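What follows is the residue order along each chain.
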Amino acid sequence: MSRRNRRDRCVPTDSTPHTSPADSTAAHAPDSSSAPAAARLHPPSHGPARILSAGHGRRRVLAIAGAAGAAAAFGLVTAPAPEPSPAAASAPQRPRRASRAPAVVSAPHTGTTLTGVAVPSGDGPFKRLVTGPGWRRVVRTELASAHRQRAAKAVPLAAFVQFTDLHLVDVQHPLRYEYLRAETASAWRPQEALSVAGAVSLVERVNALTGGPATGSPLSCVVTTGDNTDNNSLAELEWFVEVMSGGRITPNTGEPMLYEGVQDSGLRDYWQPDSDVRDRDKGVGYPRMHGFLRAAVQQVTSPGLKLPWYATVGNHDALPGGCFAAADARGFFADFSVGDRKLMDLPKSEAAQLWRAVDKGLDPKGKLFEEMLRSERRRMRTVTPDPKRAPVTPREYVRTLARPHAMGRGPAGHGYTEAHAEDGRLYYTFPISKDVMGFSLDTTRRDGHYKGRVGKAQLRWLKRKLAEHDDKYAIVFSHHTSTTIPEGGKELLALLRAAPHAVAWVNGHSHRNRITPHGTFWEISTASHIDYPQLARTVELVDNKDGTLSLFTTCIESAAPHRTDFTDLSQTGLAALYRELAYNAPGARRGLEGGEGDRNTELLLRKP
């Protein structure tokens, strides 16, 4: 890929108004004349094809073999209709065309959502999960046409895994605001005491993958896109490091081997698993589980990732509560975090007023929050203080990732260096493969708010770095999405559109799968691992050698079994329960898995 060819890239100038996938059915109606009837009726998602290697490392030639493989290669896959995004509507796109099956349809699918997905079962209010049919892979052609023979010469360029919004939670942390549950389901979740066991199971799943699900190419790394932790606390950060790099984690703070949070408070607003209290959650089918809280704070062992991993910061990693001004080693929030008082309930009128201020960004420095905590001290419960609950500054964040126990498969600092610790600029570049460069951004607002920001200095840095690495394809990583960065988001979109070699922007924050075309590149937003359906994603870049590139995205669940056993309080049993509790969480948002075109996809785009 020469620099001259990239600069000559033809950016689409089609004046036809963009047709959203949700607005048009004709745009993705299949051409019935170009495929056998069987293929039209049953478009396969992963037919019995094989990969033929030419023996030249990354220049592996992929081929579809056998009659069944040919049916998969030429069968039509109707592109789905994901929910339109305001950002997508702002840029002119090519109209959707009838789509061919993916260029590469064979590879190690085991353990991905191509072969099976957790689905609810049963008639009662509390649904049990079982294994349902996998999600097929579909082709999206808004940015380039899908040529029929693209599999014959396709060359894999990169393959990696994205984790996002793990939200490893210290559920006993004094600064948590569970008492806002009636205002927002994200304030407290019945499953969150098991977040560490669930994350370890996700690591086990990635370790079991033998290659990219679409191409079979070796996976090069795991990249997190923020909210690795939940409360901006040192304890959570150390748990995250040990989950990713390996170690023994005791997800407990305060009194050793004793739970002191809302789930043993006797309050009916929270699931009391070890108690006979008829709480709100038992009213919708949550079970009584003797020993649950003891098991939730017992030691968990992580094997650590077998791949190198890189970290990207999110608002919950950097800000107390995920929304208040950046942490400091001193001050009210720091003192309260390590102290011996915890508020567990609040009158509904006060809770509603406090949440409105947070939701609208009216209290970025947390002054109203601080005043409320000071005034409610008499309602607080005594808990065991713990210095590990202290907030984490940017310097401490970087240096924790750089400690020897955090190394794992590397690299040292996981993208960050001592220079980042000193200047607080938490953005960097890193190689994904020989042909692809990664750019990790910091979209958090240090002055407070859960929405994102990209300042002018960071935009200048990104523009300079994109120019320096214009001999490689560029993939940008951030926590916030294009629709959740009110300051600098439009400028970031314009910068990426102006960089011919930028092929993808990968992010999280919204806890929802959504894939959006932006004229010359794709935005890939992935669901969280704390809210159901608890997904991560693999991303693979392929050169089709026909003037197009393909980005393959594949969703993966953790290694925990879909079926649960309420008597199994082992590490694996808790990881399975984590998923089932998340599905049944009262008030939880539905549809976070997105439409078919937001999950397992082949995303075509023009080659620069």
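Novice: What exactly am I supposed to notice about the sheet that holds strand S4 (residues 155-163) here?
Specialist: Sheet strands pair by backbone hydrogen bonding; their relative direction is either parallel or antiparallel. Reading across the sheet, the seven strands line up as S3-S19-S18-S17-S4-S5-S8 and stay open at both edges, with mixed pairing between neighbours. Each of the sheet's edge strands pairs with one partner strand only, and the pair in question is strand S3 (138-143) and strand S8 (309-310). In this structure, S4 lies alongside strand S17 (residues 536-543), joined through seven bridges in antiparallel fashion. Across the sheet, residue Gln162 finds its bridge partner in S17, namely Arg537. Contacting S4, strand S5 (222-224), S17 and strand S18 (548-556), helix H5 (residues 195-208) crosses the sheet at an angle of about 165 degrees to S4.

Novice: What's the story with the nonpolar core in this structure? I'm lost.
Specialist: Across soluble globular proteins, nonpolar side chains show a tendency to be buried alongside one another. Counting 66 residues, the largest nonpolar core has Phe163, Val222, Phe240, Tyr397, Tyr416 and Ile475 as its most contacted members. Counting residues per element, this core draws most heavily on helix H6 (residues 234-245), at seven residues. If we ignore the near neighbours within four places in the chain, the residues touching Val222 are Val161, Phe163, Val206, Met244, Leu305, Leu307, Pro308, Trp309 and Tyr310. One finds Phe333, Ala351, Ile530 and Ala585 within the second-largest nonpolar core, a separate group that totals 46 residues.

Novice: Help me out: how do you make sense of the packing of aromatic side chains in this one?
Specialist: For any two aromatic rings, the description comes down to two numbers: the centre-to-centre distance and the angle of the planes. Inspection of the entire model under this criterion finds 20 aromatic pairs. A network of ring pairs unites the aromatic residues Phe160, Tyr310, Tyr397, Tyr416, Tyr428, Phe430 and Phe477 as a single cluster. Lying across the ring of Phe566, Arg128 places its NZ or CZ 4.1 Å from the centre. Between the NZ or CZ atom of Arg590 and the centre of the ring of Tyr583, over which it lies, the distance is 4.0 Å.

Novice: Sorry, what's going on with the side chain of Ser482 here?
Specialist: Structurally, Ser482 is set in the loop between strand S13 (473-477) and helix H15 (489-497). Since its relative accessible area comes to 11%, Ser482 is described here as buried. Only 2.6 Å separates the side chain of Ser482 from the side chain of Glu523, close enough to count as a polar contact.

Novice: Honestly, the packing of helix H14 (residues 456-468) against H15 in this entry has me stumped. Any pointers?
Specialist: Helix-helix packing is described using two parameters, namely the angle between the two axes and the distance between the axes. One way to put it is that H14 packs onto H15 with a least axis distance of 11 Å and a crossing angle of 10 degrees. By the angle between their directions, the pair H14 and H15 is classed as roughly parallel. Contacts from Leu459, Leu462, Lys463 and Leu466 in H14 reach Glu491, Leu492, Leu495 and Leu496 in H15.

Novice: Help me understand the side chain of Thr215, please; the structure alone is not making it clear to me.
Specialist: Relative to the elements of secondary structure, Thr215 occurs in the loop between H5 and S5. Judged by relative accessible area, Thr215 falls into the buried class, the value being 1%. Side chain to side chain, Thr215 and Glu540 meet in a polar contact 2.6 Å long.

Novice: Can you walk me through the sheet that holds strand S15 (residues 514-517) in this structure?
Specialist: Strand order in the open sheet formed by six strands is S11-S12-S13-S14-S16-S15, and the pairing between neighbours is mixed. The strands lining the two open edges of the sheet, one partner per strand, are strand S11 (428-431) and S15. Along the sheet, successive strands turn relative to each other by an average axial angle of 20 degrees, direction set aside. In this fold H14 packs onto S11, strand S12 (436-440) and S13, with an angle of close to 170 degrees to the strand it touches most, S12.

Novice: I tried to follow helix H16 (residues 571-584) on my own but got confused; where do I start?
Specialist: An α-helix turns once per 3.6 residues; consequently, residues spaced three or four apart project the same way. A rise of 1.5 Å per residue sets the reference length of H16, with its 14 residues, at 20 Å; its end C-alpha atoms lie 20 Å apart and thus fit the reference within 8%. Most of H16 sits inside the fold, with 12 of its 14 residues counted as buried. For H16, every residue scored as buried is listed here: Gly573, Leu574, Ala575, Ala576, Leu577, Tyr578, Arg579, Glu580, Leu581, Ala582, Tyr583 and Asn584. Along its buried surface, H16 packs onto strand S1 (117-121), strand S2 (128-132), H5 and helix H7 (292-296).

Novice: Sorry, what's going on with the pattern of salt bridges here?
Specialist: The tally for this structure, following the rule as stated, stands at 32 salt bridges. In this structure, Lys342 and Glu178 form a salt bridge, with 3.1 Å as the shortest nitrogen-oxygen distance. Taken as a pair, Lys342 in strand S9 (residues 341-342) and Glu178 in the loop between S4 and H5 lie far apart in primary sequence, 164 residues in all. Each of the two residues, Lys342 as well as Glu178, counts as buried. The partner of Asp543 in a salt bridge is Lys607, with the nearest N and O atoms 2.8 Å apart. Here Lys607 lies in the segment after strand S19 (601-606) and Asp543 lies in strand S17, a separation of 64 residues in the sequence. When its relative accessible area of 26% is taken as the criterion, Lys607 is described as partly exposed. Residues participating in the shared-partner salt-bridge network are Arg176, Glu178, Glu192, Asp230 and Lys342.

Reading guide: rules and limits
Residues numbered from 1 in each chain as written. Predicted model: local features only at pLDDT ≥ 70, side-chain atom pairs only at ≥ 80, totals over all residues. Heavy atoms only, no water. Pairing = 2+ DSSP bridges. Helix = DSSP H or I, 4+ residues; strand = E, 2+ residues; numbered from the N terminus. Contact = heavy atoms within 4.5 Å. Axes fitted to C-alpha atoms, helices over the stretch in contact; angles between N-to-C directions. Core = buried A, V, L, I, M, F, W, Y, C linked by side-chain atoms within 4.5 Å. Buried < 20%, exposed > 50% of the residue type's maximum accessible area, 1.4 Å probe, protein only. Phe/Tyr/Trp six-rings, centres within 6.5 Å; stacked < 30°, edge-to-face > 60°. Lys NZ or Arg CZ within 6 Å of the ring centre and 35° of its normal. Polar contact = N/O pair within 3.5 Å; in protein donor to acceptor, adjacent residues only side chain to side chain. Parallel < 35°, antiparallel > 145°, perpendicular 65-115°, else oblique. Expected span 1.5 Å × (residues − 1). Salt bridge = Lys/Arg side-chain N within 4 Å of Asp/Glu carboxyl O.

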